[in-house]
Amino acid sequence: MSNPMPPTPPPTPIRVNKKLLLANSIGTAVAHVLNIVALIWVVQHLLSRIPADEYELLPIISSLVIFLPIAIDTFTSGIARFVTEAYVRKDFDRIVQITSTMFIVNIVVMVVLLAILSTLTWKLNYVLDIAPGRLGEARLMFSLLLMSSVLYLPSTPFAVGMHVRQRFLVLSGIALLGTLIRIILLFSLILGIGPDVLYVAIANCAANVFMQVGRVVCSMRMVPELRVKLGSFRMSVAKQILGFGAWSTVGRTAGAIRDGSDPILLNHLTDAIQVNSFHVGSLIERQFKAILSKVATPFEPVFTSLHVDDNDHRFGNAYLRVTRLILWVTTPPIIPLLVYRNELMGLYLKDALHKYPTVPDLLGVLTLGMPIMATNIPIWFVARARARIAAYSTNGLIVEVSNLALTLLLVYTLQIGAMGSALGTFISNVILCPILIWPLGCRLASVRVRDHASEMLLGLAPTTIIAALGEYSRLIWAPHSWLTLGASSVLLYALSIAVVVALMKPADRNDFKKTMNKLVGRFRG
């Protein structure tokens, strides 16, 4: 009897690679910056050319679609986490079991969900306050935005390979191509046919379908075990992933309340002007969250790998450092937004500013809450890596239900419109996140609260110093053109980076110097 052939050597397990993490994050950010530039132009173009009740369809339907991932998340969120763990342990049979099991489960769920969503689309006017004559267009927009979301159910089990292998540069490339498709199609429709809010949904649907197909193709090439095999369905696997996903759904419910409830509440309790004001005032905050989430995503499999290594000291140090770095990277850009919010929105909205006068103040309030949002992301990654998302999701839900209650009080009882929505979000996060979310992150990462507080102070110091300096300088001289606004913003940003470098710890400063030297060397070469 001949000896069996030796197995093929498995791929190298996930390792912490600083260069790879940086490249992954930069690649992701580029795609989102392009998307933001296009979105800023589209919002300004449509606001000045279509009626307020037509533009209102975009924020209220987009907000309603945000709640769809709640139904999907239970069946998709745990796949990447458990496939990553199996890959690190070199348990490739388990990867096949996970893929086979969740594909079958998700196909069944997709059929049921499509039946429910078809009914919801037909009865859309019972859920949203839609202007007369806009119902048909609203149904079509809703259907288009739903289509790409439902596609995630059967395709996600095959699309996690780049996450597992830390090939986020490939993922960023797909996102960049999808963004270009969205921009080209959107501009072609709006400039070629005319301004219509429906074209935003068409372009988004086409780009999202392209990106998900691209993810599946590339992922299956990187991790061949992402395939369906007859006889590999395991009910125990389904129960484990669905149990993890159920608590992730609670967390996503909290996120959906935060991101989707404000426009819907304003739609029912106020008018189209307040809905559109909140949409424009929160435009930068929404994109900030999207960029931050994607740029930070490469750290998630690293935390999972560190958890598998069972090294609490290394895990805790990684958590503290990521918290500090994420603040240093994300807070300097918000300083010009805070300091020059009135000048920015005056130049951006032009004559439409008199129609939406509260937009600059909305921008300021929501921008102030961005650092809190930034510090919550590594806690979410830690909770997922430890498979302890129940506590995080529960606490997050408490924060957002409190936000919803406070928003109802400010909007319905006190009648302060869109500003009530912004204040509800800001106040609830400022009070409850330090009480409920941050201590939880310390417990899960096995670090002391005072060490976390020290990293927070170190991360926020540059923003506080330069924001105070910027407010003082604005009292003396304020920019009045795009050129002077851009120059002033760049100056504040450069000063922020200088303060960041001055406050860096030796290890961070060495990494920064190495990165800058390589960038300069490549530029000269």
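Note that the structure is a prediction, hence the values are computed from the model and not measured.

### As for the overall build of the protein chain
- Across its full length, the protein chain carries 25 helices and zero strands.
- Burial analysis of the protein chain (525 residues in total) assigns 53% to the buried set.
- A sequence separation of at least 24 residues applies to 84% of the contacts in the protein chain between residues at least 6 apart.

### Digging into the packing of helix 16 (residues 312-330) against helix 22 (residues 417-445)
- Orientation of helix 16 relative to helix 22, taken along the N-to-C sense of each, is 150 degrees, at an axis distance of 9 Å. As far as their axial angle goes, helix 22 and helix 16 are roughly antiparallel. Contact with helix 16, carried on its side by Asp 312, Phe 315, Gly 316 and Tyr 319, involves Trp 438, Gly 441, Cys 442, Leu 444 and Ala 445 of helix 22 and no other residues of that element.
- Class assignment for the residues of the contact of helix 16 with helix 22 results in six nonpolar, two polar and one charged.

### Considerations on unusual backbone geometry
- You will see that Lys 350, though not glycine, has its phi angle at about 55 degrees, which is positive.
- Within the secondary structure, Lys 350 sits in the loop between helix 18 (341-349) and helix 19 (359-368).
- Positioned with a positive phi, Ser 446 is a non-glycine residue whose angle comes to about 60 degrees.
- Assignment of secondary structure puts Ser 446 in the loop between helix 22 and helix 23 (449-476).
- Ser 446 gets classed as partly exposed once you look at its relative accessible area, which sits at 45%.

### Quick look at the nonpolar core
- Judged by nonpolar contacts, the single largest core of 134 residues is most densely connected at Ile 61 and Phe 303.
- In this view, Phe 303 contacts Phe 315, Ala 318, Tyr 319, Val 322, Phe 381, Val 382 and Ala 385; residues no more than four positions away in its chain are not counted.

### Quick look at the confidence of the model for the protein chain
- Here the protein chain averages 81 in pLDDT, while 90% of its residues score no lower than 70.
- The least confident element of the protein chain is helix 25 (residues 506-524), whose mean pLDDT is 61; the most confident is helix 19, at 90.
- Throughout residues 1-14 the model reports pLDDT below 50, and contacts reaching past four residues in sequence, or to other chains, amount to 14 contacts.

### Topic: the pattern of salt bridges
- Enumeration over the complete set of coordinates arrives at nine salt bridges.
- For Glu 85, the salt bridge is made with Arg 89, and the minimal N-O distance between the two is 3.8 Å.
- For Arg 89, a relative accessible area of 51% puts it in the exposed group.
- Where Arg 448 meets Asp 451, a salt bridge forms, and the shortest distance between an N and an O atom there is 2.9 Å.
- Using a relative accessible area of 24% as the deciding quantity, one classes Asp 451 as partly exposed.

### Quick look at the packing of helix 4 (residues 68-88) against helix 15 (residues 299-309)
- For the pair helix 4 and helix 15, the least separation of the axes is 10 Å and the interaxial angle reads 50 degrees. Taken as axis vectors, helix 4 and helix 15 run oblique relative to one another. Here helix 4 and helix 15 pass one another in a crossing that is right-handed. Judged by residue contacts, Arg 81, Thr 84, Glu 85 and Val 88 of helix 4 engage Pro 301, Thr 304, Ser 305, His 307 and Val 308 from helix 15.
- Along the lines of polarity and charge, the residues of the contact of helix 4 with helix 15 split into three nonpolar, four polar and two charged.

### Some words on the environment of Leu 344
- As for its placement among the helices and strands, Leu 344 is situated in helix 18.
- Separated by 142 residues in the primary sequence, Leu 344 and Gly 486 have C-alpha atoms spaced 9.6 Å apart.
- Residues contacting Leu 344, with those up to four places away along its chain left out, are Ile 284, Leu 337, Leu 363, Trp 482 and Leu 485.

### Considering the packing of aromatic side chains
- Applying the stated criterion to the full structure yields five aromatic pairs.
- Between the aromatic rings of Phe 103 and Phe 158, the centroid separation amounts to 5.2 Å while the plane-to-plane angle is 65 degrees, which identifies the pairing as edge-to-face. One end of the pair, Phe 103, is in helix 5 (residues 92-122); the other, Phe 158, is in the loop between helix 8 (152-155) and helix 9 (161-164), with 55 residues separating them in the sequence.
- Note on Phe 103: relative accessible area 26%, which makes it partly exposed.
- Using a relative accessible area of 11% as the deciding quantity, one classes Phe 158 as buried.
- With 5.2 Å between their ring centres and 50 degrees between their planes, Trp 380 and Tyr 392 make a pair best called tilted. Highlighted residues: Trp 380 in helix 20 (residues 370-385) and Tyr 392 in helix 21 (residues 389-413), separated in sequence by twelve residues. You'll find Trp 380 and Tyr 392 in the same group, each marked buried.

### Looking at the side chain of Thr 323
- Mapped onto the elements of the fold, Thr 323 is located in helix 16.
- A relative accessible area of 0% places Thr 323 in the buried class.
- Only 2.9 Å separates the side chain of Thr 323 from the backbone oxygen of Tyr 319, close enough to count as a polar contact.
- Sequence-distant contacts of Thr 323, that is, excluding residues within four places in its chain, are made with Thr 375, Pro 378, His 452 and Met 456.

Here is what the cut-offs are and how they apply
Residues numbered from 1 in each chain as written. Predicted model: local features only at pLDDT ≥ 70, side-chain atom pairs only at ≥ 80, totals over all residues. Heavy atoms only, no water. Helix = DSSP H or I, 4+ residues; strand = E, 2+ residues; numbered from the N terminus. Buried < 20%, exposed > 50% of the residue type's maximum accessible area, 1.4 Å probe, protein only. Contact = heavy atoms within 4.5 Å. Axes fitted to C-alpha atoms, helices over the stretch in contact; angles between N-to-C directions. Parallel < 35°, antiparallel > 145°, perpendicular 65-115°, else oblique. Nonpolar A, V, L, I, M, F, W, Y, C, P; charged D, E, K, R; others polar. Core = buried A, V, L, I, M, F, W, Y, C linked by side-chain atoms within 4.5 Å. pLDDT = per-residue confidence, 0-100. Salt bridge = Lys/Arg side-chain N within 4 Å of Asp/Glu carboxyl O. Left-handed = near helix turned anticlockwise from the far one by under 90°. Phe/Tyr/Trp six-rings, centres within 6.5 Å; stacked < 30°, edge-to-face > 60°. Polar contact = N/O pair within 3.5 Å; in protein donor to acceptor, adjacent residues only side chain to side chain.

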